[in-house]
Amino acid sequence: MPNPDQDLQAPCAAGAFPLTGAWLDALIQHAPVGIAVIDLSGKYLSVNPAYCELYGYRAAEMLGNSFLMVFAPEQREPVLQRHQRFLSKGSELKGEWDVVNRDGKLLRVLSESVAVRGADGQMSRLVYVLDITARSRAEHAKEESRRQVLSVMDALTAHICVLDEQGVIIKVNRAWREFAAANGGSAELCGEGKNYLDFCRQPLAFADAGALEFADKLTEVLAGRLQSFQVEYPCHSVQGPRWFLARVSRTQDVEPPRIVVAHDSVTELKLVQEALRRQEAELRDLAASVPGALFRLLVRPSGKIEFVYFSPGVRDLFGLSPEKACGDGRALLRCMAREYREACEASLRRAVASGQAWEQEVEVWVPEAGAGPKCLQIKATPKLTGPGECVLTGVLTDVSARKQAETALKASTESFRIFFETMPQGVVYHAASGQITAANPAACALLRLSLDQMLGKTPFDPGWRAIREDGSDFPAEQHPAMEALRTGQPVRQVVMGLCLPEGSLIWLQVNATPLFKQGLLTEAYTSFEDITELIRTRQELHRQASTDHLTGAANRRHFMERLQAEYGRIQRRPELCSCVVTLDLDHFKKINDGFGHAAGDAVLRHVTLLMRLGTRPLDVVGRLGGEEFALLLPDTSCEDAQVLAERLRLRIEQNPVQYRQTIIPVTVSIGISAILSSDANAELALSRSDQAMYAIKEHGRNGVSIA
Ligand SMILES: Nc1nc2c(ncn2[C@@H]2O[C@H](COP(=O)(O)OP(=O)(O)OP(=O)(O)O)[C@@H](O)[C@H]2O)c(=O)[nH]1
């Protein structure tokens with residue numbers, strides 16, 4: 001805007017214009033610009049057509065009226081003052097003004113004034129007015145647009161600069177300035193007025209070797225041979241990795257041409273891309289390491305099923321590449337028998353409808369992927385992705401081996417069950433506690449018990465009295481099952497007598513085997529068979545072999561065996577005391593001779609019976625030969641043995657043998673000896689008792705003597 005004060009200080013040039021009325025009128029009427037003459041008070045003295053047209057008034061409406069009519073009310077006072085100061089002091093008055101035309105429309109005018117003196121000698125102002133509204137608006141719009149461009153540029157996070165065709169930086173935005181300031185003072189090198197091309201050609205300008213390539217391409221754009229290009233480059237800082245995308249483009253339809261360079265940070269994008277790439281790589285590794293094949297399939301709203309992903313494992317399963325498997329779903333279906341296809345599709349539809357996992361086992365036949373049918377397990381999770389559209393992600397696993405094992409196991413289990421049920425041997429399973437968990441029918445039959453009566457019982461149950469072959473108790477903790485559970489070792493061929501609830505005694509041969517699960521001893525089973533007949537036969541044979549057939553007493557060999565065993569026991573435990581007794585019939589020859597040999601035999605049986613009756617079951621009554629007998633008295637002192645012998649002697653004496661009608665008196669001579677651990681052998685004790693017995697013979701017989 002012109003400075004009114006300055007304008008008014010200018011010297012008045014009114015005297016320099018020799019105007020006459022006619023000349024002035026002609027000038028005003030024909031001038032292409034608006035011209036008016038305004039007197040000191042502000043009244044129009046003259047207006048030309050162009051002036052009237054500019055403001056939209058007729059000349060009659062203006063002449064005689066104040067020129068302030070074309071100003072907005074708030075401008076009128078200062079405008080009038082300037083007008084009057086101009087005329088009173090004299091000067092040029094020019095500048096741009098905002099005025100208002102008759103329609104109230106705002107106009108921008110350029111005016112220039114000169115002071116002229118009229119014929120009456122009064123000073124008037126002659127003003128030339130040019131409508132510059134359009135130009136002003138255009139300039140304003142341009143300025144506005146420029147400001148907008150700059151503010152937009154400043155608002156952008158991209159670093160932007162505008163170059164001229166020589167590469168000189170005309171404008172940079174705020175981000176550019178800030179980045180330049182924050183990165184090693186490059187503001188001096190790439191600020192406004194600097195040549196950006198020169199900057200790019202410096203080593204380490206903003207990137208590495210890519211900078212030269214960038215500069216070359218920029219040169220092409222500057223020369224107009226390339227419209228635009230973009231290049232991504234790393235520009236890492238101490239704070240971390242950074243990447244930028246530089247975009248260069250040449251403006252079109254703008255003169256002179258401008259080149260816009262924008263550097264966008266794509267670090268975040270790059271990091272996300274990098275993370276995605278890593279994730280995808282991990283997923284690929286995972287997919288490759290998963291046995292079988294990962295897959296993803298899409299069920300369209302139309303019901304169409306499309307495989308959209310397969311991991312490379314599909315090649316092993318179907319002999320197809322992942323691409324082929326995705327592209328040709330039918331190739332997969334062709335590998336399935338019809339019933340599997342239908343079952344598979346039905347279960348898939350159910351999973352999609354319910355949102356539940358899709359699980360199915362199918363048998364496939366893939367000639368390309370090796371011989372024989374395969375059993376594949378499908379497991380997938382559905383996820384709705386849109387109305388009626390569902391994606392299922394899952395895994396296909398070859399479970400043929402497992403299936404075969406299951407089938408084999410099933411067959412084996414069935415075989416075992418049949419075997420278990422029908423085998424003649426009894427089989428009983430014991431838990432680690434010893435409790436019976438299973439028993440086969442043979443076991444029930446052998447033990448005369450129902451399954452219910454057996455389950456839960458242990459060898460410690462009082463109802464199970466077990467004995468050894470020698471008649472001694474078989475402790476429950478030594479039961480083969482308990483032995484196997486305790487030691488983890490199998491126990492073989494143990495003979496066990498079982499006193500059954502009904503009272504009978506059966507003999508079993510028992511084997512026990514520990515069973516392990518994952519290295520832990522969890523149970524044991526016993527198998528047994530009835531060997532009662534065998535044992536009885538054996539016992540009979542033994543009895544026969546060890547028994548004197550006439551009297552039923554132990555024969556000499558058996559008696560000596562028992563004496564030997566007792567001697568061994570005494571040697572092991574010298575604190576114990578056992579005795580051996582020798583008993584010889586007195587004058588037996590006379591009985592034979594007097595009553596006959598049969599009567600002698602009867603006497604021998606009679607004495608044996610009395611010996612049996614006078615001793616304990618664990619004592620051994622033996623016939624050593626002829627009319628000589630012996631007793632083995634375990635855990636018996638010499639005193640006790642003497643009492644027993646005396647009682648026996650008396651009983652024999654007082655109970656003569658009745659043979660037919662004959663009473664045959666019998667007496668015996670008895671010798672006693674302790675079995676000493678210090679003896680060199682078992683026979684020594686017998687020898688001492690013999691000597692004691694012979695001593696009695698020598699002293700009249702029918703007596704007892706201790707060695
Ligand atoms: N009836 C019978 N007699 C037998 C048997 N074995 C041996 N004898 C007889 O037993 C008799 C034993 O006689 P001796 O050795 O002289 O003894 P003893 O007559 O009892 O005289 P002392 O022993 O001195 O009192 C013999 O006559 C044998 O024949 C047998 O199994 N049955």
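Reference entry: report on the structure contained in this document. (Residues numbered from 1 in each chain as written. Predicted model: local features only at pLDDT ≥ 70, side-chain atom pairs only at ≥ 80, totals over all residues. Heavy atoms only, no water.)

Below, the discussion takes up the pattern of salt bridges. Opposite charge on two side chains makes pairing possible when the charged atoms of those side chains draw close. Under the defined criterion, the tally for this structure stands at 40 salt bridges. Among the salt bridges present, the one from Arg557 reaches Glu561, with a minimum N-O distance of 2.7 Å. Of this pair, Arg557 and Glu561 are both found in helix α21 (residues 556–572), 4 residues apart, which corresponds to roughly one turn of the helix. A residue is classified by how much of its surface remains accessible, and Arg557, at 45% relative accessible area, is partly exposed. Its salt-bridge partner being Arg649, residue Glu653 comes within 2.9 Å of it at the nearest N-O pair. A residue pair is termed a helical-turn pair when its members lie 3 or 4 positions apart in one helix, as Glu653 and Arg649 do in helix α24 (residues 638–654) at 4 residues. The exposure class of Glu653 is partly exposed, given its relative accessible area of 34%. Residue classification places Arg649 among the buried residues on the basis of a relative accessible area of 9%. Overlapping salt bridges bring together Glu96, Asp98, Arg108, Arg135 and Glu139 as one network. (Salt bridge = Lys/Arg side-chain N within 4 Å of Asp/Glu carboxyl O. Helix = DSSP H or I, 4+ residues; strand = E, 2+ residues; numbered from the N terminus. Buried < 20%, exposed > 50% of the residue type's maximum accessible area, 1.4 Å probe, protein only.)

Next up on the list: the sheet that holds strand β28 (residues 704–706). The strand order β23-β24-β22-β27-β28 describes an open sheet built from 5 strands, whose pairing is mixed. One side of each edge strand has no neighbouring strand; the edge strands of this open sheet are β23 (620–625) and β28. For this sheet, the mean inter-axis angle between neighbouring strands, taken without regard to orientation, is 20°. As paired strands, strand β22 (residues 579–585) and strand β24 (residues 628–633) are joined by 6 bridges and run antiparallel to one another. (Pairing = 2+ DSSP bridges. Axes fitted to C-alpha atoms, helices over the stretch in contact; angles between N-to-C directions.)

A positive phi is found at Arg448, a non-glycine position, where the angle reads about 55°. With respect to the secondary-structure elements, Arg448 resides in the loop between α17 (441–447) and α18 (451–454). In this structure, His587 takes a positive phi of about 50° despite not being glycine. Take His587: it is sitting in the loop between β22 and α22 (588–595).

What the rule picks out here adds up to 16 aromatic pairs. For the pair Phe416 and Phe420, a centre-to-centre distance of 5.7 Å together with 25° between the ring planes defines the contact as stacked. Taken together, the positions of Phe416 and Phe420, both in helix α16 (residues 400–422) and 4 residues apart, correspond to about one turn of that helix. Relative accessible area serves as the criterion here: at 40%, Phe416 is assigned to the partly exposed category. Judged by its relative accessible area of 11%, Phe420 is buried. Among the aromatic residues, those joined into a cluster by ring pairs are Trp176, Tyr196, Phe199, Phe214 and Phe229. Arg125 extends its terminal NZ or CZ atom over the ring of Phe67, reaching a point 5.3 Å from the ring centre. (Phe/Tyr/Trp six-rings, centres within 6.5 Å; stacked < 30°, edge-to-face > 60°. Lys NZ or Arg CZ within 6 Å of the ring centre and 35° of its normal.)

Near the ligand there are 16 residues, and of these His587, Phe588, Asn592, Asp601 and Arg701 occur at the shortest range. A distance of 2.4 Å separates a nitrogen atom of the ligand from a polar side-chain atom of Asn592. Note that an oxygen atom of the ligand is positioned 2.8 Å from one of the side-chain N or O atoms of Arg701. If the ligand stood free it would expose 660 Å²; the protein chains cover 66% of that surface. Contributing elements (two or more residues each) for the shell around the ligand: β22, α22 and α23 (597–613). Sort the elements by how many residues they give to the shell around the ligand and α23 lands first, with 4 residues. (Near = heavy atom within 4 Å. Polar contact = N/O pair within 3.5 Å; in protein donor to acceptor, adjacent residues only side chain to side chain. Areas by Shrake-Rupley, 256 points an atom, 1.4 Å probe, with all protein chains shown as cover.)

One way to put it is that α23 packs onto α24 with a least axis distance of 10 Å and a crossing angle of 140°. For the element pair α23 / α24, the angle class is oblique. Note that α23 runs across α24; the crossing there is right-handed. Residue-level inspection shows Val607, Leu610, Met611 and Leu613 of α23 in contact with α24, the latter providing Leu648, Arg651 and Ile652. (Parallel < 35°, antiparallel > 145°, perpendicular 65-115°, else oblique. Left-handed = near helix turned anticlockwise from the far one by under 90°. Contact = heavy atoms within 4.5 Å.)

Mapping Gln122 onto the fold places it in the loop between β4 (106–117) and β5 (123–131). Ignoring any residue separated from it by four or fewer positions in sequence, one finds Gln122 in contact with Val116 and Arg117.

Counting 34 residues, the largest nonpolar core has Leu583, Leu585, Val603 and Val607 as the members making the most contacts within it. The leading source of residues in this core is α23, at 7 residues. Beyond its immediate sequence surroundings of up to four residues, Val607 is in contact with Leu583, Leu585, Phe629, Ile652 and Val666. Of all hydrophobic cores here, the second largest spans 29 residues; its members include Phe310, Phe318, Cys390 and Leu392. (Core = buried A, V, L, I, M, F, W, Y, C linked by side-chain atoms within 4.5 Å.)

Relative to the helices and strands, Thr636 resides in the loop between β24 and α24. Classification of Thr636 as buried rests on a relative accessible area of 8%. Looking at Thr636, its side chain comes within polar contact range of the main-chain oxygen of Pro634, at 2.9 Å. Those residues within four positions of Thr636 in sequence are excluded, and the remaining contacts are Cys577, Ser578, Cys579, Arg616 and Ala641.

With that settled, the discussion passes to the environment of Leu332. Inspection of the secondary structure puts Leu332 in helix α14 (residues 329–333). Judged by relative accessible area, which is 5%, Leu332 ranks as buried. Along the primary structure Leu332 and Val366 are separated by 34 residues, whereas in three dimensions their C-alpha atoms are 9.0 Å apart.

Within helix α19 (residues 480–487), burial applies to Pro480, Ala481, Met482, Ala484 and Leu485. Phi turns positive one or two residues past the end of α19, at Gly488, with a value near 75°.

Let us now look at the sheet that holds β4. With respect to topology, 5 strands assemble into an open sheet ordered β2-β1-β5-β4-β3, the strand pairing being antiparallel. The outermost strands of the open sheet, each flanked by one partner alone, are β2 (44–47) and β3 (93–100). Strand after strand, the sheet turns through a mean of 30° between neighbouring axes, direction not considered. Looking at chain direction, β4 and β5 are connected through 9 bridges and run antiparallel. From the neighbouring strand, Val109 faces β5, where its bridge partner is Asp131. Contacts between helix α6 (residues 133–155) and the sheet are confined to β3, β4 and β5, with β4 contributing the most and set at about 125° to the helix.

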